[in-house]
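# Examining the three-dimensional arrangement
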Amino acid sequence: MAQTRPQATDQDISQALGERVRQATAEGSPLRIVGGDTKAFYGRAVNGEPLSTREHRGITTYDPVELIVSVRSGTPLAELEATLAENSQILGCEPPHFGTNATVGGMVATGLSGPRRPWAGSVRDFVLGIRMITHEGRQQRFGGEVMKNVAGYDLSRLMVGAQGTLGLITEVSLKVLPKPGASHSLRLEMPLAEAQARLAEWGRQPLPITAAAWHAGALYLRLEGGPSSVAATRERLGGDELDAEFWTSLREHTLEFFSGEDSRALWRLSLPHNTPSLALDGVAEADLLHDWAGTQRWLRSDLDADTLREACARAGGHATCLGSRQGPQADPFMPLEPVVAKYHRNLKTQLDPQGIFNPGRLYAER
């Protein structure tokens, strides 16, 4: 039996949101969808009338036994995580907040995941269903509350990472995970090449690793799972004990690497598993922070955007620019291949023919 958890802060304003969308469509006026606005730096700026989801909040259904929760988009992410923690459960994708006002809608719209992502899954992997308001102001539901219930196109997962360009998310159903029985973090001093070799070796073994990062001559690991498994692996790997707060600081970009006075642009490099170091002129090891066992690499650099993106493309990956202290210095996203760009444009045209939802935020011209 599912538990419904009404709270004093619960509020459903979907009708008012739908009416505002209908008005914008009729007038052809663009909307800038705003939740907590903590991830506004990600992507291009949007010129449009702000449409806030902050008052559309509350956990509508929560079943701890089935590990399923449904929550309105304006609900603070911290509030959802606190409710899950009461039942010793977590969001498996470990999403970043980037501020106290982060909302569930922003988590889904950006699709950003934390250190646990390679071992547990991305935001998209945990989305079961979505309620959204279309350009006509109608509320529709896609997906549901079980893992496999969709035939044909799965629009619910398509909304993850679309940055609000395809419709207004009003509610999302998510699969959650039990909190690990034990957790321990380690720091092992070693050069990058050795860290890459060890991670490749450990990846072929049933070790309880749920986070792995490397920076400035040290490999950082998090072990999670059953107490006996964590203890045995900790003994086997050795190293120094690491404060678990390191992973929160990495997730929230509050480590010195992100929060220092470095004015160079911050790049996010997404690369295939076991990709060796990229041959980039003028880039030192200290300029890189390897996360996700090396498949996500953060880079501080003034390197030309085309040069950097060509190197990533040759390795089968891509590069995203998050700007610098002087403001964005390159287009945020790597240009799409022509065929893929065509599909993006066609999808945007079908779901948002008037171009009112966060126009220009992602790739579409409108």
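Residues numbered from 1 in each chain as written. Predicted model: local features only at pLDDT ≥ 70, side-chain atom pairs only at ≥ 80, totals over all residues. Heavy atoms only, no water.

## With respect to helix H2 (residues 77–86)
Of the positions making up H2, those classed as buried are Leu77, Glu79, Leu80, Thr83 and Leu84. Buried residues of H2, viewed axially, fall in a sector of 165 degrees; they line one side. Opposite the buried face of H2, by more than 90 degrees, sit the exposed residues Ala85 and Glu86. Looking at the buried side of H2, the elements it contacts are strand E3 (59–63), strand E4 (68–72), strand E5 (89–90), helix H3 (104–110) and strand E8 (168–175). Ser88 sits one or two residues past H2 and shows a positive phi near 55 degrees. (Buried < 20%, exposed > 50% of the residue type's maximum accessible area, 1.4 Å probe, protein only. Helix = DSSP H or I, 4+ residues; strand = E, 2+ residues; numbered from the N terminus. Arc of directions from axis to C-beta. Contact = heavy atoms within 4.5 Å.)

## Here we look at the pattern of salt bridges
Side-chain pairs of opposite charge can arise whenever the charged atoms involved come near each other. All told, the structure shown has 16 salt bridges when counted by the stated rule. Here Asp37 ties to Arg32 by a salt bridge, and the two come within 3.6 Å at their closest N and O atoms. A network of salt bridges, in which partner residues are shared, links Glu94, Arg116, Arg222 and Glu224. (Salt bridge = Lys/Arg side-chain N within 4 Å of Asp/Glu carboxyl O.)

## Focus: the layout of surface pockets
By volume, the largest pocket is sized at about 1,200 Å³. Those elements giving two or more residues to the lining of the largest pocket turn out to be helix H5 (123–126), helix H6 (155–158), helix H9 (245–251), strand E14 (265–270), strand E16 (296–301), strand E17 (318–321) and helix H12 (338–351). Among the elements that take part in the lining of the largest pocket, H12 stands out by supplying 4 residues, more than any other. Class assignment of the residues belonging to the lining of the largest pocket gives a composition of 27 nonpolar, 15 polar and 8 charged. Estimated volume of the second largest pocket: approximately 530 Å³. If you trace the second largest pocket, you find 21 residues lining it, with Ile90, Glu94, Arg116, Glu224 and Arg251 closest to the centre. (1 Å grid on protein atoms, 1.4 Å probe; cavity = no way out; pocket = protein on both sides within 12 Å on 5 of 7 lines; lining within 4 Å. Points joined across faces, edges and corners; volume = space filled by probe spheres on them. Nonpolar A, V, L, I, M, F, W, Y, C, P; charged D, E, K, R; others polar.)

## Observations concerning the side chain of Ser270
Assignment of secondary structure puts Ser270 in strand E14. Judged by its relative accessible area of 13%, Ser270 is buried. Discounting residues that sit within four places of it in the chain, Ser270 has contacts with Thr295, Gly317 and His318.

## Some remarks on unusual backbone geometry
Even without a glycine there, the phi angle at Asn274 is positive, about 65 degrees. Structurally, the position occupied by Asn274 is in the loop between E14 and strand E15 (288–291). One non-glycine residue, Asn358, lies in the positive phi region at around 40 degrees. When you line up the elements, Asn358 lands in the segment after H12.

## Points about the environment of Ser122
Along the chain, Ser122 falls in the loop between helix H4 (117–120) and H5. Separated by 11 residues in the primary sequence, Ser122 and Gly111 have C-alpha atoms spaced 7.5 Å apart. If we skip the residues at most four places from it in the chain, Ser122 touches Cys93, Ser113 and Arg117.

## Brief notes about the pairing of strand E11 (residues 209–215)
For E11, the buried fraction is high: 7 of the 7 residues fall into the buried class. Where E11 lies against strand E12 (residues 218–225), 6 bridges are found, and the strand directions are antiparallel. What sits directly across from His215, in E12, is Ala218. Following E11, the chain reverses through 2 residues before pairing antiparallel with E12; Ala216 in that reversal takes a positive phi of roughly 50 degrees. (Pairing = 2+ DSSP bridges.)

## Brief notes about the environment of Glu310
One can find Glu310 in helix H11 (residues 305–314). Given a relative accessible area of 48%, Glu310 falls into the partly exposed group. Separated by 143 residues in the primary sequence, Glu310 and Gly167 have C-alpha atoms spaced 32 Å apart.

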